Amino acid sequence: MKDKIFQALKQEYPQLGLGDEVLMARAEALAATGLVTDENLKTVVASQKANLEALQKSNDKRVADALAKARKEAEEAAAKASTQHAAALKAEQDKLTALQKEYEEFKSKHPGNGGQETGEIEKRLKEQVDAQLAEVNKTIKSLTEANKTYSDQLKKMQDEKDAAAKAAAAAARKTLINTKATEAGIPQWRIDEGFVIPEEYDETKIGEAMAGIAANIKKQMLPGRTSFARSEDVNAAISKEDATNIVKGILRR
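Residues numbered from 1 in each chain as written. Predicted model: local features only at pLDDT ≥ 70, side-chain atom pairs only at ≥ 80, totals over all residues. Heavy atoms only, no water.

**Looking at the overall build of the protein**
Basically, it comes down to this: By definition, any uninterrupted DSSP run of H or I lasting at least four residues is a helix, any uninterrupted run of E lasting at least two residues is a strand, and each is numbered from the N terminus. Residue contacts are defined here by distance: any two heavy atoms, one from each residue, within 4.5 Å place the two residues in contact. Here, Shrake-Rupley sampling with a 1.4 Å probe gives the accessible areas, and only protein chains in the shown set may cover a residue.
Helices and strands together make up the secondary structure of the protein, namely eight helices and zero strands. What you see in the protein, going N to C, is helices and strands ordered as α-α-α-α-α-α-α-α. Long-range pairs, those at least 24 residues apart, make up 65% of the contacts in the protein with a sequence separation of at least 6. Accessible surface computed for the protein: about 17600 Å², of which carbon and sulfur atoms make up 54%.

If you want it as structure tokens, here you go:
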């Protein structure tokens, strides 16, 4: 009975876009009651509509809320990190500029003819400036690398968010297509095969495409018509059996 309930739910509510795991869980819960029979199966499945629609809306809202939260956190973290890194880099660069200025001023006041003592002072000052300069550059490099690491992490978060948004959009589009297919009267076996619909098609054009497919299926199912390939599969090869049936049909005319 569980499988019967599952198949009935899947056929009745394709437009909701709920996964097989969700529908199977619902089927198992209903079967476990021991109250579902072949006679009341249709009624029980129909009674699930409001609950399953609410579940779909809840799932959609959770996805939307999660994406919005991730976007907000990423933007806030990026802004905070950018401000902190910019301030730290500026402080180190200002320190470097001050040290260079101090050294240049000393050289201008002592052009190299001030004797051995002045030369020693200049040498020590230059060594001190060079050491501090190396430390400043090391700090700047460390900050730059930290900023790159954060940027890479932020990009990864952005890529994951974009992928989730793309998957959600694809699921919503598939739900729309299946809904239009059901409304057009396309049988479930054909819906399960899937459709190739151009990305630029809006809801109206999708509805028109589904109506065309439904009309073609009905035409193929007309009494006395030999169907060797579905109308949309125009490039399908003719089997030996189909070819034989076509020839027999011609000979009977």
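Still more ground to cover, so stick around.
**Brief notes about the layout of surface pockets**
Applied cut-off: A pocket here means an open set of points on a 1 Å grid, computed over the protein atoms alone, that has protein on both sides within 12 Å along at least five of seven lines. A cavity is instead a set of points where a 1.4 Å probe fits but cannot get out; residues with an atom within 4 Å of a point line either one. Grid points are joined across faces, edges and corners, and a volume is the space filled by probe spheres set on the points. Three classes are used, and their members are as follows: Ala, Val, Leu, Ile, Met, Phe, Trp, Tyr, Cys and Pro are nonpolar, Asp, Glu, Lys and Arg are charged, and the others, Gly among them, are polar.
When its volume is computed, the largest pocket comes out at roughly 790 Å³. Put simply, the parts of the chain that give the lining of the largest pocket at least two residues each are helix 2 (20-32), helix 4 (49-109), helix 5 (115-183) and helix 6 (188-193). The element contributing the most residues to the lining of the largest pocket is helix 5, with 10 residues. A per-class count over the lining of the largest pocket returns 19 nonpolar, eight polar and six charged.

**Quick word on the environment of Thr 37**
Mapped onto the elements, Thr 37 comes out in the loop between helix 2 and helix 3 (41-46). Linking Thr 37 and Ile 5, residues 32 residues apart in sequence, is a C-alpha distance of 9.5 Å.

**Some words on the nonpolar core**
Cut-off, in case you're wondering: For the purposes of this section, nonpolar cores are sets of buried Ala, Val, Leu, Ile, Met, Phe, Trp, Tyr and Cys residues that join through side-chain atoms within 4.5 Å. Relative accessibility decides the category of a residue: with a 1.4 Å probe and only protein chains considered, values under 20% of the type maximum give buried, values over 50% give exposed, and everything between is partly exposed.
Judged by nonpolar contacts, the single largest core of 14 residues is most densely connected at Ile 5, Leu 9, Tyr 13, Leu 23, Val 36 and Leu 52. Of all the secondary structure elements, the ones that give two or more residues to this core are helix 1 (2-12), helix 2 and helix 3. Formed by 11 residues, the second largest nonpolar core is a distinct cluster that contains Ile 177, Ile 186, Ile 197 and Met 210.

**Considerations on helix 2**
Worth spelling out the cut-off: One less than the number of residues in a helix, times 1.5 Å, gives the span that helix is expected to have. To be clear, the arc concerns the directions from the helix axis to the C-beta atoms.
Across its 13 residues, helix 2 extends 18 Å between first and last C-alpha, which sits within 8% of the 18 Å expected from 1.5 Å per residue. Taken as a whole, helix 2 has its buried residues at Leu 23, Arg 26, Ala 27 and Leu 30. One face of helix 2 carries all of its buried residues, which in axial projection span an arc of 100 degrees. Away from the buried face of helix 2 by more than 90 degrees, exposed residues Glu 21 and Ala 32 are located. Just past helix 2, the residue Gly 34 takes up positive phi, approximately 75 degrees.

**Notes on the pattern of salt bridges**
Rules: Here, a salt bridge means any side-chain nitrogen of Lys or Arg that lies within 4 Å of a carboxyl oxygen of Asp or Glu.
Counted under the stated rule, the structure contains seven salt bridges. Glu 28 serves as the salt-bridge partner of Lys 2, at 4.0 Å between the closest nitrogen and oxygen. Taken together, the positions of Lys 2 in helix 1 and Glu 28 in helix 2 put the pair 26 residues apart, joining distant regions of the chain. Judged by relative accessible area, Lys 2 falls into the partly exposed class, the value being 34%.

**Observations concerning helix 1**
Helical periodicity: at 3.6 residues per turn, an α-helix aligns residues three or four positions apart in one direction. Taken as a whole, helix 1 has its buried residues at Ile 5, Phe 6 and Leu 9. Considered in projection along helix 1, the buried side chains sweep an arc of 100 degrees and stay on one side of the axis.

**Notes on the side chain of Gln 48**
Basically, it comes down to this: Here a polar contact is taken to be a pair of N or O atoms separated by no more than 3.5 Å, where protein atoms must pair a possible hydrogen donor with a possible acceptor and residues adjacent in sequence count only if both atoms sit in side chains.
Topologically, Gln 48 is positioned in the loop between helix 3 and helix 4. Gln 48 gets classed as buried once you look at its relative accessible area, which sits at 11%. For Gln 48, the side chain forms a polar contact with the side chain of Arg 26, separated by 3.0 Å. Among the polar contacts listed, one links the side chain of Gln 48 to the side chain of Ser 47, at a separation of 3.3 Å. Leave out the neighbours within four places in its chain, and Gln 48 touches Leu 9, Tyr 13, Arg 26 and Leu 30.

**Notes on the confidence of the model for the protein**
Stated formally: The predictor rates its confidence in each residue with pLDDT, a number between 0 and 100.
Averaged over the protein, the pLDDT score is 76; the fraction of residues at 70 or greater is 78%. Here residues 226-238 is modelled with pLDDT under 50, and outside its nearest four sequence neighbours on either side it reaches 16 contacts, counting other chains as well.

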